Amino acid sequence: MKKQFAVVGLGRFGGSVCKELYSMGHEVLAIDVSEDRVNDYAPYSTHSVVANATDENALLSLGIRNFDHVIVAIGDNIQASILCTLLLKELNVRQVWVKAQNNYHHKVVEKIGADRIIHPEHDMGIRIAHYLVSEKIIDYIELSAEYSIVELMATKKVANRTIAELDIRAKYGCTILGIKREEEVNISPFPDEIIVENDILILIGHNRDLKRFEDEGL
Ligand code: ATP
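Every residue gets a number counted from 1 within its own chain, in the order that chain's sequence is written. The predicted nature of this model means local features are confined to residues of pLDDT at least 70 and side-chain atom pairs, given and counted, to a pLDDT of 80 or more, with totals for whole chains, interfaces and linings taken over all residues. With hydrogens and water set aside, each side-chain value is computed from the structure's full complement of heavy atoms.

**Q** Would you mind going over the overall build of the protein in detail, with residue names and values included?
**A** Starting at the N terminus, helices and strands are each numbered in turn, a helix being any DSSP run of H or I of at least four residues and a strand any DSSP run of E of at least two. Counting its secondary structure elements, the protein contains 9 helices and 11 strands. Viewed in the frame of its principal axes, the protein has a C-alpha envelope of about 60 × 35 × 30 Å. Exposed residues in this analysis have more than 50% of their type's maximum accessible area, buried residues have under 20%, and partly exposed residues fall in between, with area computed by a 1.4 Å probe over protein chains only. For the protein, the residues scored as buried account for 42% of the 218 residues in total. Taken as two groups, the 24 positive and 33 negative side-chain charges of the protein have centres that lie 4 Å from each other. The convention is simple: Lys and Arg are positive, Asp and Glu are negative, and His and the chain ends are not counted. The atoms used to mark charge sites are NZ of Lys, CZ of Arg, CG of Asp and CD of Glu.

Here it is in structure tokens:
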């Protein structure tokens, strides 16, 4: 389903969010105070506008209230990021996601109602560390300090066996959310699904259990 997004701040992070959403076919309003940045992203957004996102009237005239989802990716100017987040929440934007520069910034935007706070460098650092230590991990998403979603490559050890036979949930306490096979993604596979070597298994679980499955089950 096509969704409407607004991205405020077209630095490297905001810019890549904008480009990717647009390439996925969504409507994206790109906003920045810099005319050059706005021009750069004109081909990668539905509308791109020069505006100061700390100016309530400017936000109102852009119809920002009608957007379900706004991403605040203002970088170094923490004050502007906080003020913009405050205005967006006051205008009842349902989902306001904010890129935080540091813990102080995180705490403030959390207090004023940011729905999700992102630390791209920190999060990517964790993901890269997990890829580095394991040859089997394809991707890794931290859900909390204890729980994660991982993508693991199916080895010969699990190939040609059904999910029911492997009984990963009972043996390891992790659940298979999906299986990627070439371009296809099978979400919530049935217990009689046969795993093929090099399938990518998408698993959710406690970090300890996922690690045990990765070390002993694969
Ligand atoms: P990145 O790693 O994503 O590039 P960064 O912290 O370096 O992070 P910046 O280059 O600071 O990001 O990008 C933030 C963008 O936000 C800039 O293009 C800047 O012009 C824009 N910006 C700053 N203040 C405002 C504002 N009040 N309203 C709209 N855009 C703003």
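**Q** Account for the pairing of strand 5 (residues 95-99), with residues named and values stated.
**A** Note: two strands are recorded as paired if DSSP finds a minimum of 2 bridges between them. Pairing analysis gives 4 bridges linking strand 4 (residues 69-72) to strand 5, with the strands arranged parallel. Paired with Ile 71 across the two strands is Trp 97, which belongs to strand 5. In this fold, strand 4 hands off to helix 4 (residues 78-90), which returns the chain to strand 5; that crossover is right-handed. Judged from the 3 bridges that link them, strand 5 and strand 6 (residues 116-118) form a sheet pairing that is parallel. Bridging from a neighbouring strand, Trp 97 pairs with Arg 116 of strand 6. In this fold, the crossover linking strand 5 to strand 6 by way of helix 5 (residues 103-111) has right-handed handedness. Looking down the strands as they point away from the viewer, one classifies a crossover as right-handed if the path from the first strand across the helix to the second runs clockwise.

**Q** How would you explain the environment of Thr 46 if you had to name every residue and give the values?
**A** Looking at the secondary structure, you find Thr 46 in the loop between helix 2 (35-41) and strand 3 (47-50). Separated by 172 residues in the primary sequence, Thr 46 and Leu 218 place their C-alpha atoms 45 Å from one another. The contact rule is simple, with two residues in contact once any of their heavy atoms fall within 4.5 Å. Contacts of Thr 46, omitting those with residues within four sequence positions, involve Tyr 22, His 26, Glu 27 and Val 28.

**Q** Tell me about the side chain of Asp 209, residues and numbers included.
**A** When you line up the elements, Asp 209 lands in helix 9 (residues 207-217). Asp 209 has contacts with Tyr 172, Gly 173 and Cys 174, leaving out every residue within four places of it along the chain.

**Q** Outline the site of the ligand, listing residues and values.
**A** When we say a residue is near a molecule or strand, we mean one of its heavy atoms is within 4 Å of it. Near the ligand, the surroundings consist of 18 residues, among which Arg 12, Phe 13, Asp 32, Arg 37 and Lys 99 are the closest. Here a polar contact is recorded for every N or O atom pair within 3.5 Å, except that within protein the pair must consist of a potential hydrogen donor and a potential acceptor, and residues adjacent in sequence are included only if both atoms are side-chain atoms. In the model, an oxygen atom of the ligand is placed 2.6 Å from a nitrogen or oxygen of the Arg 37 side chain. The protein chains shown are the only cover counted for residues, whose accessible areas, like all others here, come from Shrake-Rupley with a 1.4 Å probe. Relative to its unbound accessible surface of 640 Å², the ligand loses 82% to contact with the protein. A cavity here means a set of points on a 1 Å grid, drawn over the protein atoms and nothing else, where a 1.4 Å probe fits but cannot get out; a pocket is an open set with protein on both sides within 12 Å along at least five of seven lines, and a residue lines either one if it has an atom within 4 Å of a point. Placement in a cavity or pocket follows one criterion, namely that more than half of the molecule's atoms lie within 2 Å of its grid points. Among the cavities detected, the one that contains the ligand is the largest pocket. Under this grouping Gly is polar, as are all residues other than the nonpolar Ala, Val, Leu, Ile, Met, Phe, Trp, Tyr, Cys and Pro and the charged Asp, Glu, Lys and Arg. Residues belonging to the shell around the ligand are distributed by class as follows: 8 nonpolar, 5 polar and 5 charged.

**Q** For the nonpolar core, give the residues involved together with the corresponding values.
**A** What is meant by a nonpolar core is a set of buried Ala, Val, Leu, Ile, Met, Phe, Trp, Tyr and Cys residues, joined one to another through side-chain atoms within 4.5 Å. Core analysis: the biggest nonpolar cluster contains 26 residues, and Val 8, Leu 59, Ile 64, Val 70, Val 72, Cys 84 and Leu 88 have the highest contact counts within it. Elements supplying a minimum of two residues to this core: strand 1 (4-8), strand 2 (27-32), strand 4, helix 4 and strand 5. Top element by residues in this core is helix 4. It accounts for 6 residues. Leave out the neighbours within four places in its chain, and Cys 84 touches Val 8, Ala 53, Thr 54, Val 72 and Ile 74.

**Q** Account for the domain arrangement of the protein, naming residues and giving values.
**A** Domain annotation of the protein identifies domain 1 (4-118) and domain 2 (123-217). Boundaries between domains were set according to an automatic or database domain assignment. On a C-alpha basis, the centroid separation for the pair domain 1 and domain 2 is 34 Å.

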